[in-house]
Amino acid sequence: LNRFEAARHVLDGTAREPQREQGCAFAPSNIALCKYWGKRNEELNLPVTSSLSISLGDLGAHTTVKPAEKDRLILNGRELAANDKISERAFAFIDLFRTGTALRLEIDSTINIPVAAGVASSAAGFAALTLALDDLFGWNLAPRQLSILARMGSGSAARSITPGFMLWHAGNDEQGMDSYAEPIQETWPTLRIGLVLLCEGEKAIGSREAMKRTRGTSALYQAWPRKVYEDITAVRHAIETRDIDILGRTAESNALAMHATMLDSWPPVLYWQAETIEVLRKVWALREEDLSLYITMDAGPNVKLLFTEADASAVSEAFPNIQIVTPFANGDPD
Ligand code: 2P0
């Protein structure tokens, strides 16, 4: 399989046996401002386009990995069954790094993202697992290589290897050696992200399947790569100049365009619920009142708000039930 070859390529010459008792790591979750939607290679999670994200500060996954009698996955204190989908995906991922050994591992992961916020936990989960394995095996890989490995667990995990703004280069290489995320060296201490806590039931369709269907059936998808390219340019400029209106407008438009390609798919994919539309209309009304408030959304009904500290109290008043994230909580090194 191609992913074993790709992993071997990255890990060339490194240890296949633990170098210490256990490996530990934290990785933040991230939200894309310019989305990853569509793969050119499903086995390696190679994207059609580049994407750009912001990490969620201290919201993410704390993971410990250590040798054990059998493979075990403990998630937020509860052991999952070996045939649970999440366990199967995690064990298949660690298989990439222990070929030719009888090594069994216990993964203990605590994810502190509120479930009702609808922020994917796979990004933080696979990134933290990759970092914990690096620690356990003593690989000492560079962030770029860690991003390539994490990507093979979940595409968006490529963007969770380091905090801050991350740009995931789509790349051209067939094995994906040029498809990794790297930090954009800018901070924005006044930037805020609001997680609107909606109730989410079981997803009708997972994002893997939805991406595949969109790429395969939506005529609008043809316009998507160019749209993302232009949006990434605009968002980078907005980050450099700390312009919340350009950042917000571009991110909102990018998310809505992604959902438009889903609606254009067959059978159609619609993640929105009635509450989703209520939140959108409320945000648009507040913008009429000169609030610099914008939204982004992922493969679910939940809405994430983008704004700055200057509007934080007005936003809290309008949305009492949100969790506010400060991505650059440690301030500005400049
Ligand atoms: C993103 N999403 O850029 C996009 C926007 C959802 C909507 O990345 O199949 O869990 O593991 O590579 O990364 C969610 O998809 O998919 C996602 P896989 P992933 O954040």
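Our subject is the structure listed above.
Residues numbered from 1 in each chain as written. Predicted model: local features only at pLDDT ≥ 70, side-chain atom pairs only at ≥ 80, totals over all residues. Heavy atoms only, no water.

**Student:** Kindly report on the overall build of the protein, identifying the contributing residues and their values.
**Tutor:** From N to C terminus, the protein includes nine helices and 13 strands. Expressed along its principal axes, the backbone C-alpha trace of the protein runs to roughly 60 × 45 × 40 Å. Of all 334 residues assigned to the protein, the portion counted as buried reaches 51%. Intrachain contacts of the protein at a sequence separation of at least 6 include 76% that bridge at least 24 residues. Looking at the protein as shown, the accessible area adds up to about 15,000 Å², and 49% of this sits on carbon and sulfur atoms. (Helix = DSSP H or I, 4+ residues; strand = E, 2+ residues; numbered from the N terminus. Buried < 20%, exposed > 50% of the residue type's maximum accessible area, 1.4 Å probe, protein only. Contact = heavy atoms within 4.5 Å. Areas by Shrake-Rupley, 256 points an atom, 1.4 Å probe, with all protein chains shown as cover.)

**Student:** Describe the nonpolar core, listing the residues and the values that go with them.
**Tutor:** Judged by nonpolar contacts, the single largest core of 87 residues is most densely connected at Leu52, Leu133 and Phe165. For this core, the leading source of residues is helix H3 (residues 122–137), giving 10 residues. If you look at the next biggest cluster of nonpolar residues, it comprises 18 residues, including Ile295, Leu305, Val315 and Ala318. (Core = buried A, V, L, I, M, F, W, Y, C linked by side-chain atoms within 4.5 Å.)

**Student:** Can you tell me about the site of the ligand, naming the residues and giving the values?
**Tutor:** Every one of the 18 residues lining the ligand counts as a neighbour, but Tyr36, Lys39, Ser154, Ser156 and Arg208 are closest to it. Contacts to the ligand include Ser207, whose side-chain N or O atom sits 3.4 Å from an oxygen atom. For the ligand, whose free accessible area comes to 470 Å², the fraction covered by protein is 94%. The greatest single-element share of the shell around the ligand, amounting to three residues, is contributed by helix H5 (residues 207–217). Residue composition of the shell around the ligand, by class: six nonpolar, six polar and six charged. (Near = heavy atom within 4 Å. Polar contact = N/O pair within 3.5 Å; in protein donor to acceptor, adjacent residues only side chain to side chain. Nonpolar A, V, L, I, M, F, W, Y, C, P; charged D, E, K, R; others polar.)

**Student:** Describe in detail the environment of Ala15, supporting the description with residues and values.
**Tutor:** Note that Ala15 resides in the loop between helix H1 (2–11) and strand S1 (23–34). A C-alpha to C-alpha distance of 46 Å links Ala15 and Leu220, two positions 205 residues apart in sequence. Each residue touching Ala15, except ones within four places of it in the same chain, is listed here: Phe137 and Trp139.

**Student:** Report on helix H6 (residues 224–241), specifying residues and quantitative values.
**Tutor:** In a regular helix each residue adds 1.5 Å, so 18 residues correspond to 26 Å; H6 covers 26 Å between its end C-alpha atoms and thus fits that length. Inspection of H6 places Trp224, Val228, Asp231, Ile232, Val235, Ala238 and Ile239 among the buried residues, and these make up the whole buried set. The arc that holds every buried residue of H6, seen down its axis, measures 130 degrees, which confines them to one face. Opposite the buried face of H6, by more than 90 degrees, sit the exposed residues Arg226, Tyr229 and Glu240. As for H6, its buried residues are in contact with S1, strand S4 (51–67), strand S8 (165–168) and helix H7 (244–263). (Expected span 1.5 Å × (residues − 1). Arc of directions from axis to C-beta.)

**Student:** Give a description of the packing of H6 against H7 that names residues and reports values.
**Tutor:** Axis separation between H6 and H7 bottoms out at 8 Å; the angle between their running directions is 160 degrees. With respect to H7, the axis of H6 lies roughly antiparallel. Along this stretch, H6 crosses H7, giving a crossing that reads as left-handed. Counting all contacts with H6, which are made through Trp224, Lys227, Val228, Asp231, Ala234, Val235, His237, Ala238 and Ile239, the residues of H7 involved are Ile246, Leu247, Thr250, Ser253, Asn254, Ala257 and Met258. Residues that form the contact of H6 with H7 fall into these classes: 10 nonpolar, four polar and two charged. (Axes fitted to C-alpha atoms, helices over the stretch in contact; angles between N-to-C directions. Parallel < 35°, antiparallel > 145°, perpendicular 65-115°, else oblique. Left-handed = near helix turned anticlockwise from the far one by under 90°.)

**Student:** How would you explain the sheet that holds strand S10 (residues 191–196) if you had to name every residue and give the values?
**Tutor:** Hydrogen bonds between backbone groups are what pair the strands of a sheet, and the pairing can be parallel or antiparallel. Across the sheet, which stays open at both edges, the four strands sit in the order S11-S12-S10-S13 with antiparallel pairing between neighbours. The sheet is open, and its two borders are formed by strand S11 (294–297) and strand S13 (322–325), each paired with just one other strand. Each strand of the sheet is rotated relative to its neighbour by a mean of 30 degrees, with strand direction disregarded. Here four bridges tie S10 to S13, and the two strands are oriented antiparallel to one another. Within S13, the position partnered with Ile193 by the bridge is Val325. Contacting S10, S11 and strand S12 (303–308), H7 crosses the sheet at an angle of about 35 degrees to S11. Each of S10, S11 and S12 is contacted by helix H8 (residues 274–288), which is oriented at about 155 degrees to S11, the strand it contacts most. (Pairing = 2+ DSSP bridges.)

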